[in-house]
Amino acid sequence: MKKALSILLATAAALIIVGCQKDPQPQPEPTPQESITVECHNGKMVGYREGHLAIFKGIPFAVPPKNELRWKDPVEAPESDAEIICKKFGHVAIQATDGTGSEPAAASKDKDEDCLTLNIWTQDFNPNARKAVMFYIHGGAYALGGTVDPMYDGRYLATLDSDIIVVTTNYRISIMGFMPLDNVPGYTDEYKNAGILGILDQQMALKWVKRNIAKFGGDPDNVTIFGESAGGGSVLCHLVMPSSKGLFKRAIMMSGEGSITSPRVAAVSQTDDGTSLNQAKRLMEITGKTDLTGLKSISQGDLIKALDAEVGYGGTLGGAVLGSLVSFPVYDDGPDAILPHPYEALKNGAGKDVDIMIGTTFHEMNYFGFLDKDLEITNPQYKDKYPYDKFCYWNAFCDYAVENFGTKGQGVKEAFKKYIEECPSDMDTVFVYERDPNIWRKTDLLSEMFFRQGSILTADLHSRHGNTFMYYFGVPHYGYAVRTNNPWVGACHAADVPYAFNNYDHQYYDSSFAAFRYSWSNAFIRFAKTGNPGWDQYDSKDRKTMVIDHEGTMKVVSNPKKERTDILQPVFLNYFNARTSVTSPNLGKN
């Protein structure tokens, strides 16, 4: 059945040696058996043993940010000797009922503002050990997701090496974690960080780890933070934030970095075409509230209803002002900024003492193009030009994005035209779309501008001051291709996540890549333990990159896809600094 589409998409869209090991069959999570207790500063955490693993789920690391604490900075969990049962995941953060279908595991769970919990997996529990800590931050466009997603199950990674501890954390997302309140009547300085609360929640979790992880056998001085998409962008935020310095030693950014942030002016004001990205203003319009006191009185259920009203259920890529591709960490200028301009900070040496590893996938934007292939455009302005077929929405979006984003920065439009003319896509022969033979080139162009070129810039800037490693991931996203029945998704956004987690659940990867999965997971572990994943360091001259092709073959290549970078990198900052004021068209009504 065809579904109509209503989309207002914000411009910052969102928006992995080969060994050999017998591939085990995925098993259902067993019933928790023997308990294990660890005394932390805020209570006695009671987890459970599962074979050689010790597992703790739902550990609280902060005071629940609800009632009077709604939209305020996280508060450290107070000291306590109370017993806390940590045998199941905590609540999922407040979010829409996932109209994208991209985060179904998290969106279907109980949602609550009381969501600030983390989870720990470690093999051969030994409180006297000093194991490397791998701290994961989930993605979801800063608006969706949670640690309950089975793709982030830490047991698979922890099973690979007895000398690591895996930690995953929840944090406030969407309007609860990334909604500036500056222009709301009743605003006070208590709410000045409302646009970065999710980042501050992650920071509080890292502080909890710093204080308590030794009790679990972890080394508080050897913490690697890693994340994908919004999680990768979060990692970059911590890399440049002065207040996160010293909380981690290494960082891995997967398909996410500084380009998925927003200047405060774009997040709270009206754009040049008369629209607004002011989420607080839109929330007041939907709920009928007129000031901050009113917003704080909205029930959790009504907050979710407001999000669902904007995003729509099923078949949408984002939504309108409260949509999943509008929530971004808000940065400020000036010496007192908690989160500074990401690239300016990197240029000035922020994070220079932190080893980083960064990369993207071959076909990032293919993921967003086919979340739902059965969409019909109803807006008369676009309906005739893009009559219904399974590509009509993506065709319209690509055209609009390339045309409008290309006009907002000096030289960008010319660069986009040159790219489409001169840079073929390896998807061109996979599926030929007769209505627009360049659809894959446009899709790849958006992959470059939304993800890869920002990662290259990040690596270029950081490599001037610190150890840097780059990868480029081409193994197809097997699970997503099966779930969406779209063989052309390729190595789309998030294709590298299950391989990094050693996750052999059948819904995420093709079992023929078992040996590669094992080696790729170990590259992440090796980096966390030693600061080197097993290949040459990156510098801005040679740009040595570990390229993983569609068969899982790994090879270091200097400046891969150089022709793309030569065209786009010179104009990337013009594009980045301008695109925050662009919104995409309303293609129809649900």
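With 14 residues, helix 13 (residues 392–405) extends 20 Å from end C-alpha to end C-alpha; this agrees with the ideal 20 Å at 1.5 Å per step. The buried fraction of helix 13 amounts to 13 of the 14 residues, a majority that puts the element mostly inside the structure.

On to the nonpolar core, then. In this structure, Phe56, Trp71, Ile120, Phe216 and Leu283 are the most contacted members of the largest nonpolar core, which totals 122 residues. With eleven residues, the single largest contributor to this core is helix 15 (residues 439–463). Ignoring any residue separated from it by four or fewer positions in sequence, one finds leucine 283 in contact with Trp71, Ile175, Met179, Leu295, Ile298, Leu303, Ala306 and Leu322. In terms of nonpolar packing, the next biggest core, distinct from the first, is built from 40 residues, Tyr152, Tyr471, Phe473 and Met546 among them.

Size it by volume and the second largest cavity reaches roughly 90 Å³. Lining the second largest cavity are Thr360, Arg452, Ile456, Met470, Tyr471, Tyr472, Tyr538, Arg543, Thr545, Asn559 and Pro560. A total of three residues in the lining of the second largest cavity trace back to one element, the largest contributor, which is strand 15 (residues 468–473). Here the lining of the second largest cavity is composed, by residue class, of six nonpolar, three polar and two charged.

Tallied over the entire structure, the rule returns 38 aromatic pairs. Judged by centre distance (5.0 Å) and plane angle (90°), the ring pair of phenylalanine 56 and phenylalanine 216 falls under edge-to-face. Taken together, the residues span a long stretch of sequence, with phenylalanine 56 in strand 4 (residues 53–60) and phenylalanine 216 in the loop between helix 4 (197–212) and strand 9 (218–228) at a distance of 160 residues. Neither residue differs from the other here; phenylalanine 56 and phenylalanine 216 are each classed as buried. Residues tyrosine 367 and phenylalanine 368 carry aromatic rings whose centres are separated by 5.2 Å and whose planes lie at 75° to one another, so their mutual orientation is edge-to-face. Assessed through its relative accessible area of 8%, tyrosine 367 is described here as buried.

Another point: the confidence of the model for the protein chain. Counting all residues, the mean pLDDT for the protein chain is 86, and 84% of those residues have values of 70 or more. This stretch, residues 581–590, has a pLDDT under 50; its non-local contacts, to residues over four places away or in other chains, come to 48 contacts.

With that out of the way, let us pick up the layout of surface pockets. Taken as a whole, the second largest pocket holds about 370 Å³ of empty space. Around the second largest pocket, the lining comprises 24 residues; the ones closest to its centre are Leu239, Val240, Pro242, Ala350 and Gly351. The set of elements that each furnish at least two residues to the lining of the second largest pocket consists of helix 5 (230–240) and helix 10 (342–347). Looking at which element gives the most residues to the lining of the second largest pocket, the answer is helix 5, with three residues.

With that out of the way, let us pick up the pattern of salt bridges. Across all of its chains, the model carries 33 salt bridges by this definition. Here arginine 211 and glutamate 79 are joined by a salt bridge, their closest N and O atoms 2.9 Å apart. In this pair, arginine 211 sits in helix 4 while glutamate 79 sits in the loop between strand 4 and strand 5 (83–85), placing the two residues 132 residues apart along the sequence. Judged by its relative accessible area of 64%, glutamate 79 falls in the exposed class. Where glutamate 344 meets lysine 347, a salt bridge forms, and the shortest distance between an N and an O atom there is 3.3 Å.

About the cut-offs
- Residues numbered from 1 in each chain as written.
- Predicted model: local features only at pLDDT ≥ 70, side-chain atom pairs only at ≥ 80, totals over all residues.
- Heavy atoms only, no water.
- Helix = DSSP H or I, 4+ residues; strand = E, 2+ residues; numbered from the N terminus.
- Expected span 1.5 Å × (residues − 1).
- Buried < 20%, exposed > 50% of the residue type's maximum accessible area, 1.4 Å probe, protein only.
- Core = buried A, V, L, I, M, F, W, Y, C linked by side-chain atoms within 4.5 Å.
- Contact = heavy atoms within 4.5 Å.
- 1 Å grid on protein atoms, 1.4 Å probe; cavity = no way out; pocket = protein on both sides within 12 Å on 5 of 7 lines; lining within 4 Å.
- Points joined across faces, edges and corners; volume = space filled by probe spheres on them.
- Nonpolar A, V, L, I, M, F, W, Y, C, P; charged D, E, K, R; others polar.
- Phe/Tyr/Trp six-rings, centres within 6.5 Å; stacked < 30°, edge-to-face > 60°.
- pLDDT = per-residue confidence, 0-100.
- Salt bridge = Lys/Arg side-chain N within 4 Å of Asp/Glu carboxyl O.

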